[in-house]
Amino acid sequence: MPLHEHLSFRDGELFLDEVSAGQIAREFGTPVFAVSETQLRRDTRRWTKALEDAWPDGPAALLPAFKANTCLALRHVLNGEGVGCDTFGEHELRAALSTGVDPARVSLNGTNKSEGAIRLAIEHGVRITLDSPREVETVLALTSSGGRPALVRLRLRPGGETLAGPSDFSDRGDSIAELAAAYRPGFALADAERAARSIVDSGSARLVGTHVHLGRHTTSLSTWSGVVSDHVRQIARISAVCGGWRPAEIDLGGGYAERGSPVGQAIVGRGAAPEPPSPERYTQVVAQALRAGMRQHGFDSKGVALQLEPGRAVYGPAGVHLTRVVSVRRSPERPDRQWVELDTTEQFLADVVLEHARYPFVLANRVSAAPGVPVDLTGSSCGFDIIAAGVTVPGDIAPGDLVALLNTGAYVETQTTNFNAFPRPATVLVSGDLVEVIRRAETPAEVFARDRIPARLTGR
Ligand SMILES: *Cc1c(COP(=O)(O)O)cnc(C)c1O
């Protein structure tokens, strides 16, 4: 696997930017999440430029999903790059706004928005990407007595024939269509038509566009172009029932695979997934499908804004999870395969279980010439805690060795739990030769900080 640009090996040691993994581990302990600021900026710029180049038709904007990594310092980095964000619900929206992100580049998404979330979005001029008729009612009720108009878009469900292909999330061979049908967000078309009419007629909310998000089911570009074509078909239907209404902006959501994407890699028999298409290819293909679809349905794409909300692809490559080997032991029943126990746990790497993720990894502290042996990399919880089954590591791997799990910048730290009373690890930001804590480690006491013990149970 080719290393991302911020990673290099120097005298056998892994470096993040100008700092060795060993130094980070010694200074901040393990397990620890490290994020390269330079890589995050590099990937953000690459996606932004790719999108702008692919869509000269109108404004192009990147709205990286906040949920992929909620460290506020990283949001400050992205604010510096001028990009907005997708937020899910009130708490994410409030946190993102607290960092000073430009509200005009924020979308409030989510399947069940509270009135508070919608009120906050209206107050700040944040786009509200509506998900259900109930939310339409809330918006219209909140804006009917004047004040700031709400800027809303309709989230439509992904459709089209290309969803017949297999999903990378499934280990049972489910098609994308089957999984998409089981996923609740978005309006059915008939509901969207009704919602659009009531918004356009209201005068108090402005229907500025549409939204669709497929999720990271596949790297197949034809699937993506099919979803975009189907989305435009749905827009045309809405336009027809709304007196020729036209979207000023179209948001195609996220779901783009990162390089070396870990999702689905642990599915038995799937084999190594092909490298996903580059951001440049992705953006060209979706932009072309959008332009062609719009032309086919008699819309002018000129001046229409195109937005994308990649989370994994922007944050993922910049992150590394550093963990030390605690022990190497042999299964009495399976002497051909050893367990290499790490001081981390699948509880800090939830997608290992949830999305069959297998993070690429390297021995980070030394070169080993020892021949490879098959092992299961495991964590330290009481569960099976298999982080990578049947992988090859140098035969002399030993306690104290440092392992770096790569591509862990997205959806990893945000899903950590306290199972087995493990305090959650710190996140540090690496920038050149500087390393700074941006989310400190939890203390063991904090794991129980919310507990309250009724006096009658203590006998005091
Ligand atoms: C999760 C999500 C994203 C980001 O998805 P990635 O797979 O990280 O690119 C974008 N938009 C919406 C609405 C989402 O739910």
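Below is a summary of the structure that appears in this document. (Residues numbered from 1 in each chain as written. Predicted model: local features only at pLDDT ≥ 70, side-chain atom pairs only at ≥ 80, totals over all residues. Heavy atoms only, no water.)

### What to know about the site of the ligand
Phase 1: Near the ligand there are 15 residues, and of these K67, G255, E309, R312 and Y411 occur at the shortest range.
Phase 2: One of the side-chain N or O atoms of K67 is found 2.7 Å from an oxygen atom in the ligand.
Phase 3: Taking E309, its side chain carries an N or O atom lying 2.6 Å from a nitrogen atom of the ligand.
Phase 4: Burial of the ligand by the surrounding chains reaches 92%, relative to a free accessible area of 390 Å².
Phase 5: Looking at the shell around the ligand, its residues break down into four nonpolar, six polar and five charged. (Near = heavy atom within 4 Å. Polar contact = N/O pair within 3.5 Å; in protein donor to acceptor, adjacent residues only side chain to side chain. Areas by Shrake-Rupley, 256 points an atom, 1.4 Å probe, with all protein chains shown as cover. Nonpolar A, V, L, I, M, F, W, Y, C, P; charged D, E, K, R; others polar.)

### Observations regarding the pairing of strand β19 (residues 427–431)
Phase 1: Within β19, four of the five residues are buried, which leaves it mostly tucked inside the rest of the structure.
Phase 2: Where β19 lies against strand β20 (residues 434–439), five bridges are found, and the strand directions are antiparallel. Residue pairing across strands places V430 opposite V435, the latter belonging to β20.
Phase 3: A loop of two residues connects β19 with β20, the two strands running antiparallel in sequence, and G432 in this loop sits at a positive phi of about 65°. (Buried < 20%, exposed > 50% of the residue type's maximum accessible area, 1.4 Å probe, protein only. Helix = DSSP H or I, 4+ residues; strand = E, 2+ residues; numbered from the N terminus. Pairing = 2+ DSSP bridges.)

### Let's talk about the sheet that holds strand β1 (residues 7–10)
Phase 1: Spatial ordering of the open sheet is given by β1-β2-β3, a layout of three strands whose pairing is antiparallel. What marks the edges here is a single partner per strand, and that holds for β1 and β3 (19–20).

### Brief notes about the environment of G89
Phase 1: Along the chain, the position of G89 falls in helix α4 (residues 89–98).
Phase 2: Residue G89 is classed as buried on the basis of its relative accessible area of 12%.
Phase 3: Along the primary structure G89 and N112 are separated by 23 residues, whereas in three dimensions their C-alpha atoms are 7.6 Å apart.
Phase 4: For G89, the contacting residues outside a window of four places in its chain are L108, N109 and A117. (Contact = heavy atoms within 4.5 Å.)

### Some thoughts on the nonpolar core
Phase 1: Counting residues in hydrophobic clusters, the biggest one holds 81 residues, and the most contacted among them are I128, L130, L154, I238, L252 and Y256.
Phase 2: Among the elements that take part in this core, helix α9 (residues 221–241) stands out by supplying eight residues, more than any other.
Phase 3: Not counting the four nearest positions on each side in its chain, I128 is found in contact with L108, K113, I118, A121, I122, V139, A150, L151, V152 and R153. (Core = buried A, V, L, I, M, F, W, Y, C linked by side-chain atoms within 4.5 Å.)

### Digging into the packing of aromatic side chains
Phase 1: Overall, the coordinates contain five aromatic pairs when judged by the stated rule.
Phase 2: Ring pairs connect the aromatic residues W47, W224, Y256 and Y282, which therefore count as one cluster. (Phe/Tyr/Trp six-rings, centres within 6.5 Å; stacked < 30°, edge-to-face > 60°.)

### Section: α4
Phase 1: Of the positions making up α4, those classed as buried are G89, E92, L93, A96 and L97. Down the axis of α4, the smallest arc covering the buried residues is 130°, so these residues share one side. Every exposed residue of α4 that faces more than 90 degrees away from the buried side is listed here: H91 and S98.
Phase 2: In this fold, the buried residues of α4 make contact with β6 (85–88), β7 (106–109) and α5 (115–124).
Phase 3: Immediately downstream of α4, the backbone of G100 shows phi near 85°, a positive value. (Arc of directions from axis to C-beta.)

### Notes on unusual backbone geometry
Phase 1: In this structure, the amide linkage connecting T30 to the following residue, P31, adopts the cis form with an omega of -5°.
Phase 2: Tracing the chain through its elements places P31 in the loop between α1 (21–28) and β4 (32–36).
Phase 3: Positive phi values are uncommon outside glycine, yet D385 reaches one of about 50°.
Phase 4: Relative to the elements of secondary structure, D385 occurs in the loop between β16 (372–378) and β17 (386–394).

### Regarding α9
Phase 1: For α9, which comprises 21 residues, the first-to-last C-alpha distance of 31 Å matches the rise-based estimate of 30 Å (1.5 Å per residue) to within 8%.
Phase 2: Immediately downstream of α9, the backbone of G243 shows phi near 60°, a positive value. (Expected span 1.5 Å × (residues − 1).)

### Description of the sheet that holds β6
Picture the strands of a sheet paired through backbone hydrogen bonds; they go either parallel or antiparallel.
Phase 1: Read from one edge to the other, the open sheet built from eight strands follows the order β5-β12-β11-β10-β9-β8-β7-β6, with strand pairing classed as parallel. The open sheet has two edge strands, β5 (60–62) and β6, and neither has a second partner. Each adjacent strand pair in this sheet contributes to an overall mean axis angle of 30°, direction not counted.
Phase 2: As defined by bridge partners, β7 adjoins strand β8 (residues 127–130) across two bridges and the pair is classed as parallel. Following the sheet pairing, S107 is matched in β8 by R127.
Phase 3: Together, β9 (150–155), β10 (205–211) and β11 (249–251) form the strand contacts of α9, whose direction differs from that of β10 by roughly 155°. (Axes fitted to C-alpha atoms, helices over the stretch in contact; angles between N-to-C directions.)

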